[in-house]
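Report on the structure
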Amino acid sequence: FLRLRAIAIKIIGTALSVSSAMACGQEAPMIHIGAGIASGLTRGEKHFRKLMCWKLSKTKKFESNLLRKFHNDRDRREFICAGAGAGMAAAFGAPVGGVLFVLEEAASHWSPQLIWRVFAAALVATFTLALIKSGENGGDISLAGLLSFGTVQSVQDMKRQVVSSADGTLTVSAVDAPVYWWEIIFFALIGVGGGVVGGLWDVAWNALAPYRPKKSIFKVAEVVGVSLLSSTIIFALAYSYPQCSNNGSWSCRDADNWGDWCNGPADNTTCTGTAGRAQCVNASAWVCVGGENAGKACRGRGDCEWRGGACMPVESESKFGVQLGCPVGQFDELATIFFGTREQSIVRLFTQSGEPFTISSLLIAGFTYIFMMLLTYGCAIPAGLFMPSVMVGGCLGRAVGQLVKFYVQDSVFSGAYALAGAAAMLGGVQRATISLVVIIIEGTANVHFLLPIVVTTCTAKLVGNLFGHEGVYEIGLRRKKLRFLEHEPSWEMDLCTAADVMSRPPVSFPVVVRVGDILDKLRMCEHNGFPVVSMTDEGDPCTTRLDRSATLGDGLHDCKFEGLILRSQLLHILSTRYTEDSLDPSALWYKVTVPALEEVSVDGEPAMYDRMAYNTRLTVNALADMSDADRARFVNIGAYMNCACYTIMESCPLSRAYKVFRDMSLRHLPVLDIQNRVVGMLSRANFDEETIHHVVKAYYRDEELHQQPREIIPPRLHGYQQVARMLNREALVADGGGLIGGPVHSWQTRLASILRPY
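Residues numbered from 1 in each chain as written. Predicted model: local features only at pLDDT ≥ 70, side-chain atom pairs only at ≥ 80, totals over all residues. Heavy atoms only, no water.

What follows concerns the state of the cysteines. Counted under the stated rule, the structure contains one disulfide. Each sulfur in the disulfide pair Cys 252 and Cys 271 lies 2.1 Å from the other. Handedness of the Cys 252-Cys 271 disulfide follows from its S-S torsion of about -90°: it is left-handed. Taken together, the residues Cys 252 in strand S4 (residues 250–253) and Cys 271 in the loop between S4 and strand S5 (279–282) connect sequence positions 19 residues apart. Each member of the pair, Cys 252 as well as Cys 271, carries the same accessibility label: buried. Cysteine Cys 379 is unpaired, with the sulfur of Cys 24 as its nearest cysteine sulfur at 9.4 Å. (Disulfide = S-S within 2.5 Å. Helix = DSSP H or I, 4+ residues; strand = E, 2+ residues; numbered from the N terminus. Buried < 20%, exposed > 50% of the residue type's maximum accessible area, 1.4 Å probe, protein only.)

Dropping the structure here:
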């Protein structure tokens, strides 16, 4: 899903899905696109050539000098994180928010190098997009985000708007509107509402997920059906509940309320003053032309004429909203929310001091979008959840703000409640906190309402956790069976050891092995990491293991652990047989492999290290035509293995093994016994929640499992009966095949064998 073909389809699909007025956003596809580009840069010359341009990457020297050192699994994961952060940063013009989003939602480990890489990518993406957009913004690079829900331009509009109390004692700009101490209560209530709505939405989406179609033809039919249903709903609501409001393109002239909005030329009641003179004209604003006050806003002739100028109208080139069946100078509220530019509606919800939409329209739009999000998110289309959630939260929060303004205090700024509602909805659905707050602050360029955003976000997350600790992203990962490592181990891991869940028997290779043995084992399993063990066992140091016919996992169990080698490295070694110069006696194949054991070199070949660094490799199926002479050759894989890899003891608590595995960003973790023999392997699959739950239920009695296991003594310290049970356990069959668990050997079992040998 990170290939060039998927990224190209994602770009086209995003443009189509977003323009279809479905309840989806483009921020998630942008994250995917950024991750795909970053992945392509670390996958070798072939992918780099496809992703960038043929002539630039045709020169192998260019690629090896620039990207060769990043062609490894660890750097590839960090590059993917950097690409995802760049996509989020470009979406909202929020480089810091993009970094925090990756660290909170995407990355499974933190490091200073990862933070700097993600920040550099996010900063470059934001700056590049700002330069591109500066042409249409008069050279202004402060409007950096591709999407907008209240940018610097909107803040400037807010400064020109006024929030006034009924008695006229308070008059401030909307951006400086006060946040009263008692409003924190309402912001907390909005957070509770966002947590409840978001939690219920997650539960409903999780329940609907199993019924999503699996076949391609049915997925297409689902997209068509959801699109038709969404169009039917929004058209029916827009025509069934018409609600017209002033679009701000008409205002009064020659009236006592000069400059106030009016409803078009047919409006004879809004503009008050001398009969026959007061008019409603096409003017979104009034400014002085000429004189000392030139360029300043005016509210009548007196503001300009005595300074030698004239108060002239500024006609609106673009009118806000969708008119539908409304008169000239007005827009239909529901049609504007559903059919209009979503970003413009969100900006009005967040920044306008007046009431851009009625409470009924806000409630209808908010709950309709919730239902449409439930149907749309999960379809086979590129769809994001951020902007629809902002729209839902903004509508419902603005409705609460207008109610507070009408019935509690008329000087409050209801746009702050819309902003808090958006944060609450996002916190309830996604269960994010820090990154969410920073993205909203950067996206709105407004730190004035930081406290309401923090209060609502944290409250929404706490309330949403009552419906389950998984957000929508975690639910999606679990449904797709993608193994993402959470930040902290689960409580069930405190009950288990590494031996309880490790995969056994391990598929191992001796330090020096025949080519045929490598081929056979690679075909018989799909493992990506293999332990490398010594060539002799403990009992007879002179006995070689190379001449023993061993099946997978047998014959090498008594040998000492030496290191770890990857499947990709083994394929690189075998693929040297099929290079262009393989028939030459001095070719790399004849340097890496030898016909006799006595000719094996202790050192590795430098050219082989270079080949493993960045060149493409063949698959196992492509290596099937090796001759018997080639299969009988020996290779020293110890020269290319990782001889200092991380290992753990089989008695290590699983929670500690999880910390090592996650914090060190590992893919394989060998499990050793006290005699330094490899007895099992741990990978992401072994830390799966279902696997651990299966092990706990199988190996422990119900009375040993409590609600709060951290407060009790671990059940494995309960005497000789427990020791006997540990030694007599049978291995369990894992969901993906193979065995896990089995007998456990620890200091307790060894002590028990000494104290009670019979």
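Next up on the list: empty space enclosed by the protein. Where empty space is left can be seen by rolling a probe of water-molecule size over the atoms. Within this structure, the stated rule accounts for two cavities of 30 Å³ or more. Taken as a whole, the largest cavity spans an internal volume of roughly 90 Å³. If you list the elements that add at least two residues to the lining of the largest cavity, you get helix H23 (588–592) and strand S15 (634–636). Of the residues forming the lining of the largest cavity, the biggest block, three residues, is contributed by S15. Each residue belonging to the lining of the largest cavity can be placed in one class, and the counts come to seven nonpolar, three polar and three charged. (1 Å grid on protein atoms, 1.4 Å probe; cavity = no way out; pocket = protein on both sides within 12 Å on 5 of 7 lines; lining within 4 Å. Points joined across faces, edges and corners; volume = space filled by probe spheres on them. Nonpolar A, V, L, I, M, F, W, Y, C, P; charged D, E, K, R; others polar.)

Closest axis-to-axis distance for the helix H1 (residues 4–19)/helix H2 (residues 27–41) pair is 10 Å, and the angle between their directions is 160°. Viewed along their axes, H1 and H2 adopt a mutual orientation that is roughly antiparallel. Considering the relative orientation of H1 and H2, their crossing is left-handed. Contacts from Ile 7, Lys 10, Ile 11 and Thr 14 in H1 reach Pro 29, His 32, Ile 33 and Gly 36 in H2. Per-class residue counts for the contact of H1 with H2 are four nonpolar, three polar and one charged. (Axes fitted to C-alpha atoms, helices over the stretch in contact; angles between N-to-C directions. Parallel < 35°, antiparallel > 145°, perpendicular 65-115°, else oblique. Left-handed = near helix turned anticlockwise from the far one by under 90°. Contact = heavy atoms within 4.5 Å.)

This next bit is on the packing of aromatic side chains. Evaluated as defined, the whole model comprises 17 aromatic pairs. Between the aromatic rings of Phe 187 and Tyr 417, the centroid separation amounts to 4.8 Å while the plane-to-plane angle is 35°, which identifies the pairing as tilted. Placement of the pair is Phe 187 in helix H10 (residues 183–208) and Tyr 417 in helix H16 (residues 414–430), with a sequence separation of 230 residues. The burial state of Phe 187 is the same as that of Tyr 417; both residues are buried. Here the aromatic cluster, defined as three or more aromatic residues joined through ring pairs, consists of Tyr 180, Trp 182 and Phe 186. The ring of Phe 509 carries Lys 521 above its face, with NZ or CZ at 5.0 Å from the centroid. (Phe/Tyr/Trp six-rings, centres within 6.5 Å; stacked < 30°, edge-to-face > 60°. Lys NZ or Arg CZ within 6 Å of the ring centre and 35° of its normal.)

Here we come to the sheet that holds S15. Spatially, S11-S15-S14 is the arrangement adopted by the three strands of the open sheet, whose pairing is antiparallel. The open sheet has two edge strands, strand S11 (512–514) and strand S14 (593–594), and neither has a second partner. The pairing of S14 with S15 spans two bridges and is classified as antiparallel. Paired with Val 594 across the strands is Phe 634, a residue of S15. Contacts from helix H21 (residues 515–524) reach S11, S14 and S15, with the element oriented near 75° to S11. (Pairing = 2+ DSSP bridges.)

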